[in-house]
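One letter stands for each residue in the lines below.
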Amino acid sequence: MAANKGKKQFQGKGQRFRGDVWLDQKVSARTLHALQSSGVKFPEGVNPRKTKEFKEEYKKQTNLFRQEHAATIAAKKEKARAAQEAARQPAEEAAQ
């Protein structure tokens, strides 16, 4: 029974990467942080995910996270392309 303690593993040996679980964990944490920093308090014993405020903020944070994540990936691709181009330049100059 003790083997199942802690966070559920969504990537690793014998597991497939669960992008939906990963996205939900990231966005839920961002949403709760945004709500708490704006002063929203949830009553004791109430699941914050079921509240109207959480659902609205979750949508905003999902869109924002996707935009930021896409920008990060685009920057990585651009950096890799620039590095590949820089590596190709000296090789072309040496051949001439």
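Residues numbered from 1 in each chain as written. Predicted model: local features only at pLDDT ≥ 70, side-chain atom pairs only at ≥ 80, totals over all residues. Heavy atoms only, no water.

Some points on the pattern of salt bridges
Right, so step 1: The full count for this structure, using the stated rule, is four salt bridges.
Right, so step 2: For R49, the salt bridge identified is with D24, shortest N-O distance 3.1 Å. In this pair, R49 is assigned in the loop between helix 1 (19–37) and helix 2 (52–95) and D24 in helix 1, connecting sequence segments 25 residues apart.
Right, so step 3: For R49, a relative accessible area of 37% gives the class partly exposed.
Right, so step 4: For E85, the salt bridge identified is with R88, shortest N-O distance 3.3 Å. Highlighted residues: E85 and R88, both in helix 2, separated by three residues, approximately one helical turn.
Right, so step 5: The partly exposed category is assigned to E85, whose relative accessible area is 30%. (Salt bridge = Lys/Arg side-chain N within 4 Å of Asp/Glu carboxyl O. Helix = DSSP H or I, 4+ residues; strand = E, 2+ residues; numbered from the N terminus. Buried < 20%, exposed > 50% of the residue type's maximum accessible area, 1.4 Å probe, protein only.)

Notes on helix 1
Right, so step 1: For helix 1, spanning 19 residues, the distance from its first C-alpha to its last is 27 Å, which sits close to the expected 27 Å at 1.5 Å a residue.
Right, so step 2: Positive phi shows up at G39, right after helix 1, with a value of about 95°. (Expected span 1.5 Å × (residues − 1).)

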